[in-house]
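Chain residues, written in single-letter form:
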Amino acid sequence: MAMKAIVKSVISGDSLLLRGNPGPQGQIPKERVLHLADIQAPRMGTASREDEDWAFESREFLRALAVGKPVTFTSTHSLPPSDDVPRDIGTAEINGVDLASELLKNGWAKLKEMKREPTEEDLRKKELEAEARAAGKGIWNPHGPKARTTNYMMPTDSQGFITEWKGRPIDGLVEQVKDGSTLRIRLLMPDGEHQFVNIALAGVRCPRVASKPGETSEQWGEEAKFFTESRLLQRYVKVQLLSLPNAAPTPFQSGANATAPPPASIFIGTVLHPAGNVAEHLVSAGLARVVDWHAGMLASSGGMERLRAAEKVAKEKRAYLYANAAAPSTKSNGTAINGNSRSFDATVVRIWSADQISVVDRETGKERRLQLSSTRGPRISDPKQAYWAQEAREFLRKRLIGKHVKVHVDFIRPREGEFEERECATVRYGGQNSNIAEQLIEKGLASAVRHKRDDEDRSPDYDKLMAAEQAAAAEGRGIHSGKDMPAPKQPLNISESAHRATTFVNGFKRLGRIPAVVEYVAAGSRYKIFLPKDNQVLTLVLSGIRAPRTARNASEASEPYGPESAEFATRRYMQRDVEIEIHDSDKSGGFIGALYYNKTENAAVTLVKEGLATVHPYSADNLPWAKQLYDAEEEAKKAKRNIWKDYDEEAEQAVVAPKEDENGPLKPEYLDVIVSDVRTKPHFGFSIQILNTEGIASLEKLMREFSLHHKTVATPPGFVPKAGDLVSAKFSDGQWYRARVRRSSPIKKEAEVTFIDYGNQDTVGFKDIRPLDPKFRSLPGQAQDARLSFVKLVAPESEYHDEAVDRFRALCEGRKLVANIDHKEGQLLHLRLIDPSDPAVAQDPYACINVDLVREGLATIDKKGCKYLSAYPAMVKKLQEALTTAKRDRAGMFEFGDIEEDD
């Protein structure tokens, strides 16, 4: 009785493996072996024996004729089953063509010897065989088969084979389907060799199929195997070998003891049929799952994206393996997470670790701490990982800090043990919208998290992250290098004590601006600074300003605008590359100086301008940028920013007005000065120049031009200077200076002049006086007349007068001092002179040269000339104590007793 089946495969030139059609519920059809009666073809070889001559060609003829096609067969004799598969001897036809006759006709089989009487059919077949023999067809070819080597075992040098053929398309014939995603393929090598290989389909994994008696297949394993067999078994395909079956990259593995890997039993690759990639069809049918760690192999071809699209289709259909899968998440850009935007533009303000950053939402101003999705950075607490943890953090800092980024929150990681709930996000930056996590992993500075199979909470670029990790592992970058890198040394804290800090001050002063990184912001004006070049940290206090204090613990209260000042400084300067200048150190080990951002922005000026700090006159007045500070403060006051929110200019002026009283105390105004001239006639006085001002800088430039000018200009004939004229006059050192004429004598042809930039006076002949060129007139005279506040030197008639003047000269003349203006008498300044090198100054706010002269008996309190004494009671007390000491010690003019005049 004739039966129908489908040819599943061809065993050899005379044997077929047949199968039925699937059942109505998709049941796997049964199989049977059919040996074609009365003919014999060459036997195919195995790992233990070689092919018989023409075996492959014979089978190939029948394969091309029959595989996958419907066949009508008749069983003439049944054989014992093999592995529960029925076996028959019989005849078979395809589309009315007898297969045995076709094989004999084309010379790919021969008739067996028959012991029965030949029938008419037998005679016909003998004629076909004779014709083929006569024509030299098939196995009757007189030249014999083409020489060929067939390697039934996997290549012994697996790595070498992959290296040679990786990514190159090779023709192949699928010889066996072990399960839906594991194939045994005959590769038809270009040199004519046949190489058998086992291939696992890249990017997918099907359920396992039982391979031994007593084993049970995984659910849907048989269905997946049938799916692949029915499409690929004994079909020609294109094979691309991609990789050995290495495990996913494992960071921090030392390569020191690495040994050569054993020969592989399988390769990973893609198998392409003219109808498409079977891996994608398996996934979309729900018969395979996507293998995450294969992403690196498929990245360049876009294979992983196609697999994910197929996976989405299978989940929507809930097919087979995905019957219980959750519905695909529809992640929107709306306000979906804790009332916060899921997608937003932000600025990065802090790098916490290799995988955590803080950003400020540019629309709301809210700070949000983010975990990079599906990314795990090295841990600084692990000595093996510490080096790479610091490298990764620095990579993020240089790429992101202060930069504009686009954030998409992918999911929220719930609180777990000691770990807080955390928003996990994809962060993109730059014109290319680069994913920073992908770059971090590609550099070998982080790894991709291994998610559970059905875990949908993952990065939308997860496959790219896996590909990046594979690339890093292949190149041995970073954490995949196998190198044991020593943990970074802790930076030296040079602000640990005042003594240690003091030893560094002079060196820092000589260096000028020093490249640094802001490690931490303690308050608006107090920073922890890291010096990368020397691996040192220090505390920097901004000079010239005072920022409101912030609470250091829960029991303290912050000053108004203290938190705002600290937050502003944190967002603007935290972890930024900056430059610092050191001027001094304080008693706690902090360094006093300036911080510059982007080369030109002075942090102190910025804070004052924002109304988050105030100018501190005592320290500010000595700074080159004092004017900028005061201008910034004035701007903040006018705009009523922060600290100055309730500032009332009129009210302040009303409060200040009484201080303008002729004999009232003046607001402290400390100046860096140099005493440029000391004179005793007509009475004791001196002149000063105020340093660190624009005027002094302009004067230096003017004097250079002035000197060049007078090398070429002569005194005009008949020139007679008049009192009050501004002139050029030659001083006793032979140089020309600007001067004002006090008196002029045409008879003597000389004039008394005051040099307006230095304050000294001299009598100069007319020949050494010239009119002052107009271009040198715009700059005001830089010398200012002054006297000592509160005191006067001993009278000229005293025998101690010369000693007092000499002592004053020794203490002051030509030296840089700090001066405070206590009173203004027209253009005459009453000054308290302070020697900054005197240790007593740091302890006593009233220590000064004025007091020192009284204590030495060379000056007395000027009760008549200083009407403002009563406005400075503390100073008067200090002077009286000094006077008492002088009298007690019989110092100076008190050598022979108290000679002070009675008032």
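What you are looking at is a predicted structure, and each value in this text was computed from that prediction instead of being measured.

Participant: Could you give an account of the overall build of the protein chain, naming the residues involved and the relevant values?
Facilitator: For the protein chain, the count of helices and strands is 22 helices and 48 strands. For 903 residues, the compact-globule estimate of 2.2 N^0.38 gives 29 Å, and the C-alpha radius of gyration of the protein chain, at 49 Å, exceeds that figure by more than 25%. In terms of overall dimensions, the protein chain has C-alpha extents of about 165 × 65 × 50 Å along its principal axes. When contacts within the protein chain are restricted to residue pairs at least 6 apart in sequence, those whose partners lie at least 24 apart make up 64%. When the accessible surface of the protein chain is split by element, carbon and sulfur atoms take 49% of a total near 47,000 Å².

Participant: Outline the sheet that holds strand β40 (residues 736-745), listing residues and values.
Facilitator: Judged by pairing direction, the sheet is antiparallel, and its 5 strands sit side by side in the order β42-β41-β40-β39-β43 without closing on themselves. The open sheet is flanked by β42 (761-765) and β43 (769-771), the only strands paired with a single partner. Geometrically, the sheet is characterised by an average inter-axis angle of 45° between neighbouring strands, direction not taken into account.

Participant: Give a description of the pairing of strand β41 (residues 750-755) that names residues and reports values.
Facilitator: Summarising the sheet, β40 and β41 pair through 6 bridges and their orientation is antiparallel. Note that in β41 the partner of arginine 740 across the bridge is threonine 754. The hairpin formed by β40 and β41 contains 4 residues between the paired strands, and lysine 749 there has a positive phi angle of roughly 55°. Pairing of β41 with β42 involves 5 bridges; the strand directions are antiparallel.

Participant: How would you sum up unusual backbone geometry? Please name residues and give values.
Facilitator: Backbone geometry at asparagine 95 places phi at a positive 55°, although glycine is not the residue there. Locating asparagine 95 in the fold gives a position in the loop between β6 (85-94) and β7 (97-98). Residue tyrosine 320 is not a glycine yet carries a positive backbone phi of 45°. Counting through the fold element by element, tyrosine 320 comes out in the loop between α8 (303-317) and β18 (335-337).

Participant: Hey, could you go over the sheet that holds strand β46 (residues 816-825) for me, with residue numbers and the actual values?
Facilitator: Spatially, β37-β38-β44-β47-β46 is the arrangement adopted by the 5 strands of the closed barrel, whose pairing is mixed. Geometrically, the sheet is characterised by an average inter-axis angle of 55° between neighbouring strands, direction not taken into account. Of the strand pairs in this sheet, strand β44 (residues 783-788) and strand β47 (residues 828-834) are connected by 3 bridges, and their pairing is parallel. Across the sheet, residue arginine 787 finds its bridge partner in β47, namely histidine 830.

Participant: Outline the pairing of strand β25 (residues 422-429), listing residues and values.
Facilitator: Among the 8 residues in β25, 7 count as buried, and that is most of the element. Note that β25 and strand β26 (residues 434-435) share 2 bridges and pair antiparallel. Following the sheet pairing, arginine 428 is matched in β26 by asparagine 435. Counted along the chain from β25 to the antiparallel partner β26, the turn is 4 residues long, and its residue glycine 430 has a positive phi close to 80°.

Participant: Which residues make up a negative patch on the surface, and what values do they have?
Facilitator: A grouping of Glu799, Asp802, Glu803, Asp806 and Glu895 is seen on the molecular surface, where their side chains present a negatively charged patch. Inspection of the secondary structure puts glutamate 799 in the loop between β45 (791-793) and α19 (801-812). In this structure glutamate 799 comes out as exposed when scored by relative accessible area, which is 68%.

Participant: Let's hear about the pattern of salt bridges: which residues, and what values?
Facilitator: Counted by the stated rule, this structure contains 48 salt bridges. Here arginine 124 and glutamate 121 are joined by a salt bridge, their closest N and O atoms 2.6 Å apart. Pair noted here: arginine 124 and glutamate 121 are both in helix α3 (residues 120-135), with a separation of 3 residues, about one helical turn. With a relative accessible area of 36%, arginine 124 lands in the partly exposed category. When salt bridges that share partners are traced, they join Asp292, Arg308, Glu311, Arg458 and Asp463 into one network.

Participant: I'd like to hear about the confidence of the model for the protein chain, residue by residue, with values.
Facilitator: With 94% of its residues at a pLDDT of 70 or more, the protein chain has an overall mean of 87. Note that residues 330-334 has pLDDT below 50 and, in this model, 11 contacts with residues that lie over four places away or in other chains. A low-confidence stretch, residues 655-660 (pLDDT under 50), is modelled with 3 contacts involving residues beyond four sequence positions or located in other chains.

Participant: Any details on the environment of arginine 308? Residues and values, ideally.
Facilitator: When you line up the elements, arginine 308 lands in helix α8. Sequence-distant contacts of arginine 308, defined by excluding residues within four places in its chain, comprise Val290, Asp292, Arg458, Tyr462 and Asp463.

Reading the values: the criteria
Residues numbered from 1 in each chain as written. Predicted model: local features only at pLDDT ≥ 70, side-chain atom pairs only at ≥ 80, totals over all residues. Heavy atoms only, no water. Helix = DSSP H or I, 4+ residues; strand = E, 2+ residues; numbered from the N terminus. Rg over C-alpha atoms; globule rule 2.2 N^0.38 Å. Contact = heavy atoms within 4.5 Å. Areas by Shrake-Rupley, 256 points an atom, 1.4 Å probe, with all protein chains shown as cover. Pairing = 2+ DSSP bridges. Axes fitted to C-alpha atoms, helices over the stretch in contact; angles between N-to-C directions. Buried < 20%, exposed > 50% of the residue type's maximum accessible area, 1.4 Å probe, protein only. Patch = residues over 30% accessible without salt bridge, like charges linked within 9 Å, V, L, I, M, F, W, Y side chains within 5 Å. Salt bridge = Lys/Arg side-chain N within 4 Å of Asp/Glu carboxyl O. Lys, Arg positive; Asp, Glu negative; His and termini not counted. Charge placed at Lys NZ, Arg CZ, Asp CG, Glu CD. pLDDT = per-residue confidence, 0-100.

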